[in-house]
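Tertiary structure, described
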Amino acid sequence: MRPSRIKKTGIVGTIIGLLIIFHYIGWLAPIEKAIIKIVSPTSEQIYSLGVSIEERKNLNNPDELYKAYKELEKTYQEAQVDNVTQALLQEENEELRQQLSFFATSSYTHIGAEVIGRNIDPIASTLTINKGKEDHIEAGQPVIIGKGILIGKIARANEKTAIIRLMNDSKSKIAGTIRNQDKSIGIVEGGYGISVRMNFIPQNEKIDIDDIIVTSGLEEHVSRGLIIGTVEAIEKEAYQPFQRAIITPTVRFNDIITVSIITGTP
Amino acid sequence: MLRIALKCILVIGSIFLLTFLQTSASFLLPHPFVKINIVFLAMIFAILLYESGNIVWISAIAHFFIELFASTPFGIILFSSTMSILAAFWLYQTIFTNRSWYAAMAMTAIALIMYRILYLFIFIMIEIITEATLSLVNWGAIAKTIFWEVSMTTIAMGILYVLLSGIFKKLNHHVIYS
């Protein structure tokens, strides 16, 4: 390589390095805010239009079929949430009987946000929302839709926007528990396309198809009882300490327009 | 003066358009076409069309915009992409000097592979420094996605080059110019 190319590489690398340093110091914040302020509204409109186009793409009779489909989807999700809430309430009731000073907490502080973009980096499965640090959003907070269906966690929070890492992202890890007799716990991981997998489930614990998976509450920020999905298949190997469940998420990640971020559990 | 101003407006407008496409519209494409890296495709095509080193700086600005909406720590995409586009420009100047669709595809594939190698290297370094558990990352899924990204973007470049070589005479190897 000729010396001038090495020099040019050095110059380019130094300028990029300085840009990165200035970002972390905060000197670029006004420029970044301005860019986000310009991009966000238009992105939001384009994204909403894109989602509605995608939703109608595979329907033969768009209007009636679409309405019926959306109503059924909503009913199914609400029914799943109600089932889990009932089971959790029963468990909590039993615990209360055994303790003298236990107070159940079931209300979360949360904030709503709108999705303005998706999958910025082709190797990630993410959503961009129009709320950020200014709205008390922090990395690691769970993100839900509906009445408690988990879609992922906040990966990064900027001042006015935030990035949600969806649960089917290859770097997503969520502590989950199965609503079975053994209350099996494991780690729900993404990176398998549409489905996710729950790994590190003890081999001796019994799990069935259609068992519901919820968050276990064993990780920071993520409270217990948020619905993840249902067991679609089970993978077991002899002489292995753990088995694996393939999970179909309750939510379709393609048509999310609004989300709620759980910012605290009082 | 007016011409320069108009050029600047056009460049900035194009960068915003690319950002909109990458953040809000690229997901509409079916799998595996959704993996096409639109910004990279545009930058490589700009190198082929304009043959100017300024494309490296335009790429840096475009990926700076993309960084604001990415989930990775700030700097990974910006540094990897800028270095890869710089290398792609040098590849064009020294190796892929013939104006052909297969040279364009080769350049795209090599530049994207370099981009992802740099990206993963910096990502692994950050994971090591922050003492994260590398074994928990789904490397198989990442490798598969990178394969689709490189393949689809390269094919898209080939098709784009063939289609646009009829419009832009610069891309046509039959046309001789100085």
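Everything numeric here is computed off the predicted structure, so don't read it as measured data.

1. Details of the overall build of chain A
Of the regular secondary structure elements, chain A holds three helices and twelve strands. The 266 residues of chain A split such that 48% are buried. In chain A, once contacts between residues fewer than 6 apart in sequence are set aside, the share between residues at least 24 apart is 58%. Accessible surface, chain A as shown: approximately 14,100 Å² in total, 55% of it carbon and sulfur.

2. Quick notes on the packing of helix α2 (residues 38-50) of chain B against helix α3 (residues 54-67) of chain B
All names here are of chain B. Orientation of α2 relative to α3, taken along the N-to-C sense of each, is 165°, at an axis distance of 10 Å. As far as their axial angle goes, α3 and α2 are roughly antiparallel. Crossing of α2 against α3: the hand is right-handed. Within the contact between the two elements, α2 uses Val 39, Phe 40, Met 43, Ala 46, Ile 47 and Tyr 50 and α3 uses Ile 55, Ile 58, Ser 59, Ala 62, His 63 and Ile 66. For the contact of α2 with α3, the residue count by class is ten nonpolar, two polar and no charged.

3. Brief notes about the interface of chain B and chain A
Contact with chain B, which involves 46 residues of that partner, is made by 50 residues of chain A. Together chain B and chain A conceal approximately 4,300 Å² of surface at their shared face, both sides included; 70% is due to carbon and sulfur atoms. The largest per-residue losses of area from chain B upon contact with chain A belong to Phe 27, Phe 69 and Phe 74 of chain B, which jointly make up 18% of the total buried on that side. Run the count over chain B and chain A and you get zero salt bridges. Counting residues per element, the ones that place at least two in the side of chain B that touches chain A are α1 (2-25), α3, α4 (76-94), α5 (101-129) and α6 (139-164) of chain B. No other element matches α4 of chain B, which puts nine residues into the side of chain B that touches chain A.

4. Description of the packing of aromatic side chains
Counting across every chain of the model gives ten aromatic pairs over all chains. Ring centres 6.2 Å apart and planes at 70° place the aromatic pair Tyr 115 of chain B and Tyr 119 of chain B in the edge-to-face group. One end of the pair is Tyr 115 of chain B and the other is Tyr 119 of chain B, both in helix α5 and four residues apart, which spans about a single turn. For Tyr 119 of chain B, a relative accessible area of 1% puts it in the buried group. Look at Phe 147 of chain B and Trp 148 of chain B: their rings are 5.5 Å apart centre to centre, the planes differ by 65°, and that puts the pair in the edge-to-face class. Taking NZ or CZ as reference, Lys 171 of chain A lies 4.9 Å from the ring centre of Phe 123 of chain B, over its face.

5. Examining the side chain of Ser 260 of chain A
All names here are of chain A. The residue Ser 260 is located in strand β12 (residues 258-264) in this model. With a relative accessible area of 18%, Ser 260 lands in the buried category. Residues contacting Ser 260, with those up to four places away along its chain left out, are His 110, Ile 111, Gly 112, Pro 142, Val 143 and Ile 144.

6. Regarding a nonpolar patch on the surface
Side chains of Leu 18, Ile 21, Ile 25 and Trp 27 of chain A sit close together on the surface and give an oily, nonpolar patch of about 430 Å² of accessible area. Here Trp 27 of chain A is to be found in the loop between α1 (3-25) and α2 (29-57).

7. Brief notes about unusual backbone geometry
The phi angle at His 136 of chain A is positive, at roughly 65°, despite the residue not being glycine. Tracing the chain through its elements places His 136 of chain A in the loop between β2 (126-129) and β3 (142-145).

8. Side note on α3 of chain B
Over its 14 residues, α3 of chain B extends 20 Å from the first C-alpha to the last, a length consistent with the 20 Å expected when each residue adds 1.5 Å. The buried fraction of α3 of chain B is high, at ten of 14 residues.

9. With respect to the pairing of strand β9 (residues 212-215) of chain A
Residue and element names in this part refer to chain A. Alignment of strand β6 (residues 173-178) against β9, held across three bridges, turns out to be antiparallel. Across the sheet, Gly 176 pairs through a bridge with Thr 215, a residue of β9. Where β9 and strand β10 (residues 227-235) come together, three bridges link them in antiparallel fashion. Bridging across to β10, Val 214 finds its partner in Ile 227.

10. Quick word on α2 of chain B
Residues and elements named next belong to chain B. The end-to-end C-alpha distance of α2 is 18 Å, a good match for the 18 Å that 13 residues give at a rise of 1.5 Å each. Buried residues dominate α2, accounting for eleven of its 13 residues. Those residues of α2 that fall on the buried side of the exposure criterion are Ile 38, Val 39, Phe 40, Leu 41, Met 43, Ile 44, Phe 45, Ala 46, Ile 47, Leu 48 and Leu 49. Those residues of α2 hidden inside the fold are in contact with α1, α3, α4, α5 and α6. Following α2 by one or two positions, Glu 51 has its phi on the positive side, about 50°.

Parameters and conventions
Residues numbered from 1 in each chain as written. Chains lettered and ligands numbered in written order. Predicted model: local features only at pLDDT ≥ 70, side-chain atom pairs only at ≥ 80, totals over all residues. Heavy atoms only, no water. Helix = DSSP H or I, 4+ residues; strand = E, 2+ residues; numbered from the N terminus. Buried < 20%, exposed > 50% of the residue type's maximum accessible area, 1.4 Å probe, protein only. Contact = heavy atoms within 4.5 Å. Areas by Shrake-Rupley, 256 points an atom, 1.4 Å probe, with all protein chains shown as cover. Axes fitted to C-alpha atoms, helices over the stretch in contact; angles between N-to-C directions. Parallel < 35°, antiparallel > 145°, perpendicular 65-115°, else oblique. Left-handed = near helix turned anticlockwise from the far one by under 90°. Nonpolar A, V, L, I, M, F, W, Y, C, P; charged D, E, K, R; others polar. Buried area = accessible area lost by both parts, 1.4 Å probe. Salt bridge = Lys/Arg side-chain N within 4 Å of Asp/Glu carboxyl O. Phe/Tyr/Trp six-rings, centres within 6.5 Å; stacked < 30°, edge-to-face > 60°. Lys NZ or Arg CZ within 6 Å of the ring centre and 35° of its normal. Patch = residues over 30% accessible without salt bridge, like charges linked within 9 Å, V, L, I, M, F, W, Y side chains within 5 Å. Expected span 1.5 Å × (residues − 1). Pairing = 2+ DSSP bridges.

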